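Descriptive analysis of the structure
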Amino acid sequence: ENALEIKDLVKTYKDGTQALKGVDLQVEAGEIFALLGPNGAGKSTMIGIISSLVNATSGQVSVFGKDLVKDRQAVKAMIGLVPQEFNFNMFEKPIDIVANQAGYYGIPRSVAMERTEKYLKQLQLWEKRHSVSRGLSGGMKRRLMIARAMVNEPRILILDEPTAGVDIEIRRSMWSFVEEIAAQGTTIILTTHYLEEAEQLCKNIAIIDHGEIVRNTTIKELLKTL
Ligand code: ADP
Ligand code: ADP
């Protein structure tokens, strides 16, 4: 089963920038898939389209067989996004940030509180649940965004550069959190600059450059040809 299927996806911004020039891609259900590429390659544009934040110019995207345009609400409910920038209210407490997100999705209060506890515990933030988020470390803040995305129990979790700019120890610990979430059945798509990160986590990988997929292969094959 495919979690994600992209066919001939094109995005041309209003200023004429061709961010995606006909991308084809498939991601299998249950895998951790890496999208690797330099700055400006089109990674954020692709993630933006899958998360319904950016409209495609043309092409098809389907998520577990549902069309992104025709079944927008169903697709939105299946996608969780963890952006690169911290975009939560720094003055709120982790417990409120996660629980309020559940409320936003219309999840009943009792279920919301259960899930909030589950994911804050899983991401090792339960002890910090009543702390002001501003005081959390960078790694904790990123984990908080993962907990917030997981509270809706998305079938696909998208991580935009989950370990950009953090040291190797935090990167390793982040990898084990990601592996744990995948082991529970969530399909994961991550963007990264680090080949090492893809090597650690993924079986399949796509390399994007100048709006085109230039390689789409297994990590094993890729490493043989480098
Ligand atoms: P769309 O074509 O999807 O409607 P727009 O062209 O309206 O998108 O751009 C959306 C926003 O992104 C605008 O506010 C624009 O100023 C900003 N923007 C323009 N160029 C860039 C760029 N190179 N990188 C990131 N953001 C940009
Ligand atoms: P990446 O995430 O791989 O760094 P992006 O998807 O952000 O790549 O950008 C792909 C290309 O599209 C770049 O040339 C970027 O400058 C351009 N771009 C991104 N957002 C906008 C926008 N809103 N308007 C115009 N150009 C944009």
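Quick caveat, the model's predicted, so the values are computed rather than measured.

1. A word on the site of ligand 2
Near ligand 2 the following residues occur: Tyr13, Asp15, Thr17, Ala19, Pro38, Asn39, Gly40, Ala41, Gly42, Lys43, Ser44 and Thr45. Between ligand 2 and alanine 41, the relevant distance is 3.1 Å, taken from an oxygen atom to a main-chain nitrogen or oxygen of the residue. Coverage of ligand 2 by the protein chains reaches 63% of its 560 Å² of free accessible surface. Of the residues belonging to the shell around ligand 2, the class tally is 4 nonpolar, 6 polar and 2 charged.

2. Describing the sheet that holds strand S2 (residues 18-28)
The strands making up a sheet associate through backbone hydrogen bonding, with each pair oriented either parallel or antiparallel. Taken in spatial order, the 4 strands make up an open sheet running S2-S1-S4-S5, and their pairing is antiparallel. On the outer flanks of this sheet lie S2 and strand S5 (66-67), each paired with one strand and no other. Two strands pair when backbone bridges link them, and strand S4 (residues 58-63) and S5 are joined in this way by 2 bridges, in the antiparallel orientation. Residue pairing for S5: valine 63 is matched across the bridge by lysine 66.

3. Some thoughts on the pairing of S4
Where strand S1 (residues 2-12) meets S4, 5 bridges bridge the pair, whose relative direction is antiparallel. Looking across to S4, one finds that isoleucine 6 is bridged to valine 61. In textbook terms, the turn of a hairpin is the stretch between consecutive antiparallel strands, and for S4 and S5 this stretch comprises 2 residues, one of which, phenylalanine 64, has a positive phi near 45°.

4. Some thoughts on the sheet that holds strand S7 (residues 156-160)
Ordered by their spatial adjacency, 6 strands build an open sheet running S6-S7-S8-S3-S9-S10, and the pairing between neighbours is mixed. Because the sheet does not close on itself, it has two edges, and the strands there are strand S6 (79-82) and strand S10 (212-218). Strand-to-strand twist in this sheet, taken as the mean axis angle between neighbours without regard to direction, amounts to 20°. Running over the sheet, helix H1 (residues 43-50) touches strand S3 (32-36), S6, S7, strand S8 (187-192) and strand S9 (204-209) and is turned about 150° from S7.

5. What to know about the site of ligand 1
Contacts to ligand 1 come from Lys11, Tyr13 and Lys14. Contact between ligand 1 and lysine 11: an oxygen atom at 2.8 Å from a side-chain N or O atom of the residue. Taking 570 Å² as the accessible area of ligand 1 by itself, protein coverage stands at 29%.

6. With respect to unusual backbone geometry
A positive phi angle, near 50°, is found at aspartate 8, a position not held by glycine. Within the element layout of this structure, aspartate 8 appears in strand S1. By relative accessible area, aspartate 8 is classed as partly exposed at 46%.

7. Regarding the packing of aromatic side chains
Throughout the structure, instances matching the rule amount to 2 aromatic pairs. Ring centres 6.1 Å apart and planes at 45° place the aromatic pair phenylalanine 86 and phenylalanine 88 in the tilted group. Exposure remark for phenylalanine 88: the relative accessible area of 9% places this residue in the buried category. Residue placement shows arginine 171 over the ring face of tyrosine 194; its charged tip is 3.8 Å from the ring centre.

8. Describing the packing of helix H3 (residues 94-104) against helix H5 (residues 138-150)
One can describe the packing of H3 onto H5 by two numbers: an axis separation of 8 Å at closest approach and a directional angle of 30°. By the angle between their axes, H3 is roughly parallel relative to H5. The hand of the H3/H5 crossing is right-handed. Of the residues in H5, those in contact with Pro94, Ile97, Val98 and Gln101 of H3 are Leu144, Ala147 and Arg148.

9. A look at the nonpolar core
Core analysis: the biggest nonpolar cluster contains 42 residues, and Ile32, Leu120, Leu144, Ile146, Leu157, Leu159 and Ile188 have the highest contact counts within it. Among the elements that line this core, the one with the most residues is H5, at 7 residues. Among residues more than four places away in sequence, those in contact with leucine 120 are Pro94, Ile95, Val98, Leu125, Trp126, Arg129, Leu144 and Ala147. Counting 28 residues, the second largest nonpolar core, distinct from the first, contains Val27, Ile47, Ile49 and Phe64.

The rules behind the values
- Residues numbered from 1 in each chain as written.
- Chains lettered and ligands numbered in written order.
- Predicted model: local features only at pLDDT ≥ 70, side-chain atom pairs only at ≥ 80, totals over all residues.
- Heavy atoms only, no water.
- Near = heavy atom within 4 Å.
- Polar contact = N/O pair within 3.5 Å; in protein donor to acceptor, adjacent residues only side chain to side chain.
- Areas by Shrake-Rupley, 256 points an atom, 1.4 Å probe, with all protein chains shown as cover.
- Nonpolar A, V, L, I, M, F, W, Y, C, P; charged D, E, K, R; others polar.
- Pairing = 2+ DSSP bridges.
- Helix = DSSP H or I, 4+ residues; strand = E, 2+ residues; numbered from the N terminus.
- Axes fitted to C-alpha atoms, helices over the stretch in contact; angles between N-to-C directions.
- Contact = heavy atoms within 4.5 Å.
- Buried < 20%, exposed > 50% of the residue type's maximum accessible area, 1.4 Å probe, protein only.
- Phe/Tyr/Trp six-rings, centres within 6.5 Å; stacked < 30°, edge-to-face > 60°.
- Lys NZ or Arg CZ within 6 Å of the ring centre and 35° of its normal.
- Parallel < 35°, antiparallel > 145°, perpendicular 65-115°, else oblique.
- Left-handed = near helix turned anticlockwise from the far one by under 90°.
- Core = buried A, V, L, I, M, F, W, Y, C linked by side-chain atoms within 4.5 Å.

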